[in-house]
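Take a look at the letters that make up each chain.
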Amino acid sequence: AICPERLCLRLHDIVPDEKLAEARTVSAEVLASDPVISVTFYVDGAEALTDSEPPYEFTLDPTQYSGGEHTLAAEVTSAATSARSGDVRGAVGIVH
């Protein structure tokens, strides 16, 4: 992967508008020219998990959220700067 900036972040293992019925591990791909301090995952703008060791991963469990659309994002902090991923919107469906 190519990163035109000092710091780039991309979420993997989830796609926009996907409906989740079971837990899914979402990973953050980080390309950085400076040492990475941490990656913080957010659900609906609220901090869900901060991971300071690669691989940077978060388990999104739909049973922990109400049904409907939610937004997942991540922010990486390096020794010199920080960057935020684009928001990924998806529906969390709880199967009964």
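Residues numbered from 1 in each chain as written. Predicted model: local features only at pLDDT ≥ 70, side-chain atom pairs only at ≥ 80, totals over all residues. Heavy atoms only, no water.

Enquirer: Describe the nonpolar core, and please don't skip the residues or the numbers.
Expert: Grouped together as the largest cluster of nonpolar side chains are 18 residues, with contacts concentrated most on Val 39, Leu 60 and Leu 72. For this core, the elements supplying multiple residues, two or more each, are strand 1 (7-12), strand 3 (24-32), strand 4 (36-43), strand 6 (56-60) and strand 7 (68-78). Discounting chain neighbours no more than four positions away, the residues touching Leu 60 are Ile 14, Leu 20, Glu 22, Ala 23, Arg 24, Val 26, Val 43, Tyr 65 and Leu 72. (Core = buried A, V, L, I, M, F, W, Y, C linked by side-chain atoms within 4.5 Å. Buried < 20%, exposed > 50% of the residue type's maximum accessible area, 1.4 Å probe, protein only. Helix = DSSP H or I, 4+ residues; strand = E, 2+ residues; numbered from the N terminus. Contact = heavy atoms within 4.5 Å.)

Enquirer: Can you lay out the packing of aromatic side chains for me, pointing to particular residues and giving the numbers?
Expert: For any pair of aromatic rings, the description consists of the separation of the ring centres together with the inter-plane angle of the planes. Scanning the entire structure with this criterion turns up one aromatic pair. Aromatic side chains Phe 41 and Phe 58 sit 5.6 Å apart centroid to centroid with 20 degrees between the ring planes, which places their arrangement in the stacked category. Taken together, the residues span a long stretch of sequence, with Phe 41 in strand 4 and Phe 58 in strand 6 at a distance of 17 residues. The buried category is assigned to Phe 41, whose relative accessible area is 0%. What makes Phe 58 buried here is its relative accessible area of 7%. When the ring centre of Tyr 42 is taken as reference, the NZ or CZ atom of Arg 84 above it lies at 4.7 Å. (Phe/Tyr/Trp six-rings, centres within 6.5 Å; stacked < 30°, edge-to-face > 60°. Lys NZ or Arg CZ within 6 Å of the ring centre and 35° of its normal.)

Enquirer: Give me the lowdown on the confidence of the model for the chain, citing residues and values where you can.
Expert: For the chain, per-residue confidence averages 85 on the pLDDT scale, and residues scoring 70 or more make up 89% of the total. For the chain, per-element mean pLDDT is lowest for strand 9 (residues 88-92), which scores 59, and highest for strand 5 (residues 46-51), which scores 96. (pLDDT = per-residue confidence, 0-100.)

Enquirer: Go over the sheet that holds strand 6 with me, naming the residues and quoting the values.
Expert: As summarised here, the arrangement of the three strands in space is 1-3-6, forming an open sheet in which the pairing is antiparallel. Here the strands that pair on one side only, and so sit at the sheet edges, are strand 1 and strand 6. Averaged over neighbouring strand pairs, the angle between their axes works out to 20 degrees when direction is ignored. Bridge analysis of strand 1 against strand 3 gives six bridges, and the strand direction is antiparallel. (Pairing = 2+ DSSP bridges. Axes fitted to C-alpha atoms, helices over the stretch in contact; angles between N-to-C directions.)

Enquirer: Describe the state of the cysteines, listing the residues and the values that go with them.
Expert: Scanning all chains against the criterion turns up one disulfide. Disulfide pairing places Cys 3 opposite Cys 8 at an S-S distance of 2.0 Å. Taking the sign of the S-S torsion, about 80 degrees here, the bridge from Cys 3 to Cys 8 comes out right-handed. Looking at Cys 3, the relative accessible area reads 23%, which means it is partly exposed. By relative accessible area, which is 17% here, Cys 8 ends up buried. (Disulfide = S-S within 2.5 Å.)

Enquirer: Pulling in residues and values, what's your account of the pattern of salt bridges?
Expert: Once their charged atoms are close, side chains differing in charge can pair, the charge on each being opposite to the other. Counted by the stated rule, this structure contains three salt bridges. The salt bridge partner of Glu 18 is Arg 24, with a shortest N-O separation of 2.7 Å. (Salt bridge = Lys/Arg side-chain N within 4 Å of Asp/Glu carboxyl O.)

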